[in-house]
Amino acid sequence: MSNCSPRPSDWVTRWTEALPPGSRVLDLACGSGRHLHWLATRGYQVTGVDRDLSRLADLAGQADRAVPAELLQADLESGPWPLAGRQFDAVVVTNYLWRPRWAELADTVAPGGLLVYETFGEEQASIGKPSRPDFLLRHGELLTLCQGWRVLGYEDGFVPAPDRFVQRIAAVRPGGAARQHALPVLASAQG
């Protein structure tokens, strides 16, 4: 898809770079593995799920980019949920939306764990693909879906190069021990 970069998303790197080594991280709908590679090189225990793992062949075939990861092939939209009963310290989702699986997705985030989600907003249809409402978030939808969670960061708007409308959130699931050490340090305002 022309709207996707081979580099890891700045949103994902910002919110996951402070996770402690060994954290269990899920990359749901991992695509070509751009986040799997970045996460694995930071010492996280990475699990990637996608319906087409063949796009990871190039990544796994390059010695300098080999990814130590658990890979699960699953059709998230029509097959059984492949992660029943499993939870992760952090869950990353980019450029993917399938609303009927939201409750199962949310359950994969361990109590006190981090959700980092970034996908296209509804205005994306005005400039390109995806354009189907099924694959586009309505304004504020991630805030509604994460109601009751601790929202660390949220954005809804236009991002240039490549041009796209996105909505993104970083949120901590309630319950469990707070993982303060896993949160990035926020710069203080200069006054």
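Residues numbered from 1 in each chain as written. Predicted model: local features only at pLDDT ≥ 70, side-chain atom pairs only at ≥ 80, totals over all residues. Heavy atoms only, no water.

1. Side note on the packing of aromatic side chains
As a reminder, the rule being used: Pairing of aromatic side chains here covers Phe, Tyr and the six-membered ring of Trp, requires ring centres within 6.5 Å, and sorts the geometry by plane angle: under 30 degrees stacked, over 60 edge-to-face, intermediate tilted. Only DSSP runs of H or I reaching four residues or more are called helices, and only runs of E reaching two or more are called strands; each is numbered from the N terminus. Note on classification: 1.4 Å probe, protein chains only; a residue is buried when its accessible area is under 20% of the maximum for its type, exposed when over 50%, partly exposed between these limits.
For the coordinates displayed, the defined rule picks out three aromatic pairs. Judged by centre distance (5.8 Å) and plane angle (50°), the ring pair of tryptophan 102 and tyrosine 117 falls under tilted. You can see tryptophan 102 sitting in helix 4 (residues 102–107) and its partner tyrosine 117 sitting in strand 5 (residues 109–120), a full 15 residues away along the chain. Of the two residues, tryptophan 102 and tyrosine 117, both sit in the buried class.

2. Some points on the nonpolar core
Looking at soluble globular proteins, one finds that nonpolar side chains tend to be buried together. Basically, it comes down to this: Working definition of a nonpolar core: buried Ala, Val, Leu, Ile, Met, Phe, Trp, Tyr and Cys residues. They are joined through side-chain atoms within 4.5 Å. By definition, residues are in contact when any of their heavy atoms lie within 4.5 Å.
Formed by 25 residues in total, the largest nonpolar core has its most connected members in Leu28, Val91, Trp102, Leu105, Leu115 and Tyr117. When residues of this core are traced back to their parent elements, those giving at least two are strand 1 (24–28), strand 4 (88–94), helix 4, strand 5 and strand 7 (164–172). Beyond its immediate sequence surroundings of up to four residues, valine 91 is in contact with Leu26, Leu105, Thr108, Val109, Leu114, Leu115 and Val116. Listed in part, the 21 residues of the second largest apolar core include Trp11, Trp15, Val46 and Val92.

3. Observations concerning the pattern of salt bridges
Keep this limit in mind: Any Lys or Arg side-chain nitrogen located within 4 Å of an Asp or Glu carboxyl oxygen qualifies as a salt bridge.
Inspection of the entire model under this criterion finds 11 salt bridges. Note that aspartate 89 is salt-bridged to arginine 24, the shortest N-O span being 2.8 Å. On the criterion of sequence distance, the pair formed by aspartate 89 in strand 4 and arginine 24 in strand 1 is long-range, its members being 65 residues apart. Here the residues in one salt-bridge network are Arg99, Arg138 and Glu141, joined through shared partners.

4. A short note on the sheet that holds strand 5
For clarity, the cut-off: Strand pairing is assigned whenever DSSP detects at least two bridges linking the two strands. Every axis in this analysis is a line fitted to C-alpha atoms, fitted for helices over the stretch in contact. Angles between the N-to-C directions lie between 0 and 180 degrees.
Sheet architecture is open: seven strands sit in the order 3-2-1-4-5-7-6, paired in mixed fashion. Strand pairing shows two members of the sheet lacking a second neighbour, strand 3 (69–73) and strand 6 (150–159), which therefore form its edges. Across the sheet, the axes of successive neighbouring strands diverge by a mean angle of 10°, strand direction being ignored.

5. Brief notes about the side chain of arginine 101
Tracing the sequence through the fold places arginine 101 in the loop between strand 4 and helix 4. Look at arginine 101 and you get buried, because its relative accessible area is 14%. If we skip the residues at most four places from it in the chain, arginine 101 touches Asp75, Leu76, Gly79, Pro80 and Trp81.

6. Section: the environment of aspartate 134
Rules: Two N or O atoms form a polar contact when they lie within 3.5 Å of each other; inside protein one atom must be a possible hydrogen donor and the other a possible acceptor, and for residues adjacent in sequence the pair counts only when both atoms belong to side chains.
Within the secondary structure, aspartate 134 sits in the loop between strand 5 and helix 5 (141–145). Along the primary structure aspartate 134 and glutamate 122 are separated by 12 residues, whereas in three dimensions their C-alpha atoms are 9.5 Å apart. With sequence-adjacent residues up to four places away left out, aspartate 134 is seen in contact with Leu97 and Arg99. At a separation of 2.9 Å, a polar atom in the side chain of aspartate 134 contacts the side chain of arginine 132.

7. A few points about the pairing of strand 1
We apply this condition: Crossovers are described as right-handed under a simple rule: with the strands pointing away from the observer, the path leading from the first strand over the helix to the second runs clockwise.
Where burial is concerned, most of strand 1 is hidden: four out of the five residues are buried. Relative to strand 2 (residues 45–50), strand 1 runs parallel, the two being bridged by five bridges. Bridging from a neighbouring strand, aspartate 27 pairs with glycine 48 of strand 2. Since strand 1 and strand 2 lie parallel, the crossover through helix 2 (residues 34–40) that links them has a hand, and here it is right-handed.

8. A short note on the side chain of arginine 34
Relative to the assigned elements, arginine 34 resides in helix 2. Within the local environment of arginine 34, its side chain forms a polar contact with the backbone oxygen of arginine 7, the two atoms lying 2.8 Å apart.

9. Examining the environment of glycine 112
By the element assignment, glycine 112 lies in strand 5. Residue classification places glycine 112 among the buried residues on the basis of a relative accessible area of 5%. Separated by 23 residues in the primary sequence, glycine 112 and aspartate 89 have C-alpha atoms spaced 7.8 Å apart.

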